[in-house]
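Coordinates in review
For reference, the chains in residue letters:
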Amino acid sequence: MDAAIRKFIFHDLQTIEGYIDPPDALVFLAILQHQALAGFEGAIAEIGVYYGRSYFLFRRICGDEERIVAIDLFDLDSAPKGSAQYLQFVENGRRLGLPVLEDLVIKGDSTLLKPADIFAKVGPVRFFSIDGGHMLHHVMSDTHLAADTLTDHGIIAFDDTFNPTWPEVTVGVADFLREQQGEFAVFCITKYKTYVCRRAFHAEYSRAIAVSPDLAAFEHVETEFLGSKAARLENPMRRRLVHQLLVRSGMSVFSERAYR
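Keep in mind it's a predicted model, so treat the numbers as computed, not measured. (Residues numbered from 1 in each chain as written. Predicted model: local features only at pLDDT ≥ 70, side-chain atom pairs only at ≥ 80, totals over all residues. Heavy atoms only, no water.)

Overview of the overall build of the chain
- Each helix and strand counted, the chain has nine helices and nine strands in total.
- Here the chain has a C-alpha radius of gyration of 17 Å; the compact-globule value for 260 residues is 18 Å, and the two agree.
- With the principal axes as the frame, the chain shows a C-alpha extent of 45 × 40 × 40 Å.
- In the chain, which comprises 260 residues, the proportion classed as buried is 52%.
- Considering only contacts within the chain whose residues lie at least 6 apart along the sequence, 70% involve residues at least 24 apart.
- Per element, the accessible surface of the chain, about 11,900 Å² overall, is 54% carbon and sulfur. (Helix = DSSP H or I, 4+ residues; strand = E, 2+ residues; numbered from the N terminus. Rg over C-alpha atoms; globule rule 2.2 N^0.38 Å. Buried < 20%, exposed > 50% of the residue type's maximum accessible area, 1.4 Å probe, protein only. Contact = heavy atoms within 4.5 Å. Areas by Shrake-Rupley, 256 points an atom, 1.4 Å probe, with all protein chains shown as cover.)

What follows is the structure in structure tokens.
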């Protein structure tokens, strides 16, 4: 286990407003570390940056040389000098010592992008995170953009699958998998995200999740999604409550102990 990165996940990252929780941050870590060890090349792409919690996680895990394209409308609020959301995103990077690579930021509607727009910025993508618009047409458009820019060994992480607030996300993911007729398969499911790769790499990524020491604290329950066996990572309520209590009490530096 990399103690410095775990400290970043459980302490520094919690200072940024956002929604990626420690379980998924640890799954990101397991996947990215496996890709690095396997020599899997390719860039990273993210649709739905918000204030940068997952963006800076990518930056911290992968290092300064990583090519990361960040896509967002950045229209949550406005300020005289531009989007307050974007300005806060940039400020978060400055504060963390992980400056935003502004030439790789795309401010706009992801559904209007073409694969060539991604290739022009970073080339083929090995990890594509989708957390943009949550209506069916958003999900389908973003998913096809991801699939069309993904390396053979690439993965797609879908946010808010199985969230009853956004049922069309689940419909979109299921429609995509059926449409691909077995080309893509689910290998990991958490409370908030679903992780997909090409079927040829399903066994490899499944094993990466199974053997990761950073995921040993979770119960790995085998489930099935449209013909693919996947590990569902169970995170007990007790652990979540302890972690949240420590964070809210200003003791996030100790919250990592709840996930050992």
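Past the structure itself, the notes keep going.
Overview of the environment of phenylalanine 218
- Positionally, phenylalanine 218 belongs in the loop between helix H8 (202–211) and strand E8 (219–225).
- Residue phenylalanine 218 is classed as buried on the basis of its relative accessible area, which comes to 5%.
- The spatial distance from the C-alpha of phenylalanine 218 to the C-alpha of isoleucine 9 is 16 Å, given a sequence separation of 209 residues.
- Beyond its immediate chain neighbours, meaning those up to four positions away, phenylalanine 218 contacts Pro23, Leu26, Leu233, Glu234, Asn235, Arg239 and Tyr259.

Comments concerning the pattern of salt bridges
- Within this structure, the stated rule accounts for 11 salt bridges.
- Arginine 178 is paired through a salt bridge with aspartate 175; the nearest N and O atoms lie 2.7 Å apart. Of this pair, arginine 178 and aspartate 175 both sit in helix H7 (residues 167–179), separated by three residues, roughly a single helical turn.
- For glutamate 234, the salt bridge is made with arginine 232, and the minimal N-O distance between the two is 2.4 Å.
- Salt bridges sharing partners connect three or more residues here, namely Glu222, Glu224 and Lys229. (Salt bridge = Lys/Arg side-chain N within 4 Å of Asp/Glu carboxyl O.)

Topic: unusual backbone geometry
- For aspartate 160, which is not glycine, the phi dihedral falls at a positive 65 degrees.
- Here aspartate 160 is to be found in the loop between strand E5 (150–159) and H7.
- For glutamine 181, which is not glycine, the phi torsion reads 55 degrees and is therefore positive.
- If you trace the backbone, glutamine 181 turns up in the loop between H7 and strand E6 (184–189).

Observations concerning the nonpolar core
- If you look at the biggest cluster of nonpolar residues, it comprises 47 residues, and the most contacted ones within it are Ile31, Phe89, Phe127, Ile155, Phe187, Tyr195 and Ile209.
- Looking at this core element by element, the count peaks at eight residues for helix H2 (residues 22–38).
- When near neighbours in sequence (up to four residues on either side) are disregarded, phenylalanine 187 contacts Ile31, Ile155, Tyr195, Val196, Cys197, His202, Tyr205, Ser206, Ile209, Lys229, Ala230 and Ala231. (Core = buried A, V, L, I, M, F, W, Y, C linked by side-chain atoms within 4.5 Å.)

Observations concerning the environment of cysteine 197
- For cysteine 197, the location among the structural elements is in strand E7 (residues 193–198).
- Residues contacting cysteine 197, with those up to four places away along its chain left out, are Gly154, Ile155, Glu183, Phe184, Ala185, Phe187, His202 and Tyr205.

Details of the sheet that holds E6
- With mixed pairing, nine strands are arranged side by side in an open sheet as E3-E2-E1-E4-E5-E7-E6-E9-E8. The outermost strands of the open sheet, each flanked by one partner alone, are strand E3 (105–107) and E8. The sheet shows a mean angle of 20 degrees between the axes of neighbouring strands, taken without regard to direction.
- By the bridge criterion, three bridges tie strand E2 (residues 68–72) to E3 in an arrangement that is parallel. Paired with isoleucine 71 across the strands is isoleucine 106, a residue of E3.
- Its contacts with the sheet place helix H3 (residues 53–62) against strand E1 (43–47), E2 and strand E4 (125–130), and it is angled at close to 170 degrees to E1.
- Against the sheet, H7 engages E5, E6, E7 and E8, with an angle of about 140 degrees to E6. (Pairing = 2+ DSSP bridges. Axes fitted to C-alpha atoms, helices over the stretch in contact; angles between N-to-C directions.)

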